[in-house]
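Coordinate analysis (summary)
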Amino acid sequence: MRWSLRSPTVDDVDAIVAINIRAWRHAYADLMPAEVLAGLEPGPRAARLRERLRTGSSTEGLVAVDDDGEVAGYCWFGDYRPDDEVASPDGPGWAEVYAMYVDPRRHRAGAGSALMTAALAALAPRPVALWVLEGNTPARGFYERHGFRPDGAAASFGVGGLAVPEVRYVLTR
């Protein structure tokens, strides 16, 4: 399937939030407490994203849209965000893929690869980093297929009173 890629709009917010929640519940079922995943609420997430898109305070982003105009996935990216706990990758000018999620019903249909390819093109020629939950083996494999490698940096993602381990992946070019 071929995917149309475009910048997200306020009209896409509900679809993006629904994908985010379905993707979390699918990908993190064995990595986060069930009550945290069950308690994910679309309302607050949608309100924050709607405001970010309305005010232009959002990072760069893309949505993958099918032939029927349905959003199948999204990606946010931009300048690398420094972290107080973990040193930035060596050297100036790093970029970061902040988030990328595809509706679990659309996995392995090419939307994720289309989004990643376009995000990397938009960030070129800078080196790129991203963070992934350590136990998220499918996502790690996806990133590795796109040239990313773990660089040894690790941190914790706090959710539901639990510290979930993350690892940083980098792509140098």
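Just above, that's the structure.
These remarks concern the structure in this document. No experiment lies behind these values; they were computed from the predicted model shown.

It is worth spelling out the environment of T172 at this point. Following the sequence through the fold, T172 ends up in the segment after β7 (162-171). Each C-alpha atom of the pair T172 and Y143 lies 13 Å from the other, and the pair is 29 residues apart in sequence. Residues contacting T172, with those up to four places away along its chain left out, are W94 and P127.

A few words on the pattern of salt bridges. For the structure on display, the rule yields 10 salt bridges. Across the salt bridge formed by R22 and D103, the nearest N and O atoms sit 2.6 Å from each other. Taken together, the residues R22 in helix α1 (residues 13-27) and D103 in the loop between β4 (95-102) and α4 (111-123) connect sequence positions 81 residues apart. Classification of R22 as partly exposed rests on a relative accessible area of 33%.

In this section: the pairing of strand β5 (residues 128-133). The side chains of a regular strand alternate, first on one face of the sheet and then on the other. Within β5, six of the six residues are buried, which leaves it mostly tucked inside the rest of the structure. A two-sided burial pattern is seen for β5, the buried positions comprising V128, L130 and V132 on one face and A129, W131 and L133 on the other. Relative to β5, β4 is paired through three bridges, and the arrangement is parallel. Bridge pairing in β5 places E96 opposite A129. Sheet topology places β5 next to β7; six bridges connect them, and they run antiparallel. What sits directly across from L133, in β7, is E166.

Criteria and thresholds
- Residues numbered from 1 in each chain as written.
- Predicted model: local features only at pLDDT ≥ 70, side-chain atom pairs only at ≥ 80, totals over all residues.
- Heavy atoms only, no water.
- Helix = DSSP H or I, 4+ residues; strand = E, 2+ residues; numbered from the N terminus.
- Contact = heavy atoms within 4.5 Å.
- Salt bridge = Lys/Arg side-chain N within 4 Å of Asp/Glu carboxyl O.
- Buried < 20%, exposed > 50% of the residue type's maximum accessible area, 1.4 Å probe, protein only.
- Pairing = 2+ DSSP bridges.

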